[in-house]
Amino acid sequence: MKIRVRRTLSLILAFGILAGGILCFPWFRILCFENVKNPSERICSRRGTGGFCIGYTHSVNKGRVHDHYRIDGNSIVLYRTDFVSYGAGMPEPEDAEGAVFTVSDGTYSMDHVRNLGREFYLAVGVVADHSLGIAGDEFFLKDFFEPRTRLRVHVGKMNLVQFWFGKKTLD
């Protein structure tokens, strides 16, 4: 009888450890935008690890700019910038070594590769009206964070418990 009880308790304990491991193991790569002063205030996206875009209104020429990023290993890479107008404050071809400038359908594009490393920082603009584009969806950062909030943008890992209950996801 004691052997049966011990075996049953051992099986329950083993199952509990296995279930806890499955639930707590960081299975998912995610793109995170988190408040530097309050890291629990964040938005995350699994789809964002496939590439994302940050849009904003340029402070000088007031045109909309879209920076396109991809995730390469553990690094975030800026690979293209699109402008709707070209003028004051925009990069000049001779100042952007290795960049390729093109014009198509009224959009000016600058193709370039800039490895930003594991993270970069962004302040939610009042006038810039920053947005996050993921797989055709657009989310305005002011809907999630107060203006002037400093954000840390990085790629992280998320477990099932966090995915279901703990973090605000855009997926």
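Criteria and thresholds
Residues numbered from 1 in each chain as written. Predicted model: local features only at pLDDT ≥ 70, side-chain atom pairs only at ≥ 80, totals over all residues. Heavy atoms only, no water. Helix = DSSP H or I, 4+ residues; strand = E, 2+ residues; numbered from the N terminus. Buried < 20%, exposed > 50% of the residue type's maximum accessible area, 1.4 Å probe, protein only. Areas by Shrake-Rupley, 256 points an atom, 1.4 Å probe, with all protein chains shown as cover. Phe/Tyr/Trp six-rings, centres within 6.5 Å; stacked < 30°, edge-to-face > 60°. Core = buried A, V, L, I, M, F, W, Y, C linked by side-chain atoms within 4.5 Å. Contact = heavy atoms within 4.5 Å. Polar contact = N/O pair within 3.5 Å; in protein donor to acceptor, adjacent residues only side chain to side chain. Pairing = 2+ DSSP bridges. Axes fitted to C-alpha atoms, helices over the stretch in contact; angles between N-to-C directions.

1. Overview of the overall build of the chain
When helices and strands are counted, the chain shows two helices and twelve strands. Tracing the chain from N to C terminus, the helices and strands come up as α-β-β-β-β-β-β-β-β-β-β-β-α-β. The buried share of the chain, reckoned over its 171 residues, is 37%. Put simply, the chain shows about 10,500 Å² of open surface, and 56% of that area lies on carbon and sulfur atoms.

2. Topic: the packing of aromatic side chains
The final tally for this structure, using the stated rule, is three aromatic pairs. Seen in terms of ring centroids, Phe52 and Tyr69 are 4.9 Å apart; in terms of plane orientation they differ by 10°. Their pairing is stacked. Within this pair, whereas Phe52 is found in strand β3 (residues 52-57), its partner Tyr69 is found in strand β4 (residues 64-72), the two being separated by 17 residues in sequence. For the pair shown, Phe52 and Tyr69 are each scored as buried.

3. What to know about the nonpolar core
Phe33, Phe52, Ile76, Leu132 and Leu141 are the most contacted members of the largest nonpolar core, which has 19 residues in total. Contributing elements (two or more residues each) for this core: β1 (28-35), β3, β4, β5 (75-83), β8 (119-123), β9 (131-134) and β11 (150-158). Tallying contributions element by element places β11 first for this core, with three residues.

4. Some words on the environment of Tyr121
Inspection of the secondary structure assignment puts Tyr121 in strand β8. On a C-alpha basis, the gap between Tyr121 and Val36 in space is 8.8 Å, while along the polypeptide they are 85 residues apart. Those residues in contact with Tyr121, other than ones at most four positions away along the chain, are Val36, Arg150, Leu151 and Arg152. At 3.1 Å, the side chain of Tyr121 forms a polar contact with the side chain of Glu119.

5. Concerning the sheet that holds strand β6 (residues 100-104)
The strand order across the open sheet formed by seven strands is β6-β7-β5-β4-β3-β9-β10, and the pairing between neighbours is antiparallel. Among the strands making up the open sheet, the edge pair consists of β6 and β10 (137-140). On average, each strand axis in the sheet is inclined to that of its neighbour by 25°, with strand direction left out of account. Alignment of β3 against β4, held across six bridges, turns out to be antiparallel. Among the inter-strand pairings, Phe52 is bridged to a residue of β4, identified as Tyr69.

6. Describing the pairing of strand β2 (residues 42-45)
Bridge analysis of β1 against β2 gives four bridges, and the strand direction is antiparallel. Paired with Leu31 across the two strands is Ser45, which belongs to β2. What sits between the antiparallel neighbours β1 and β2 is a turn of six residues.

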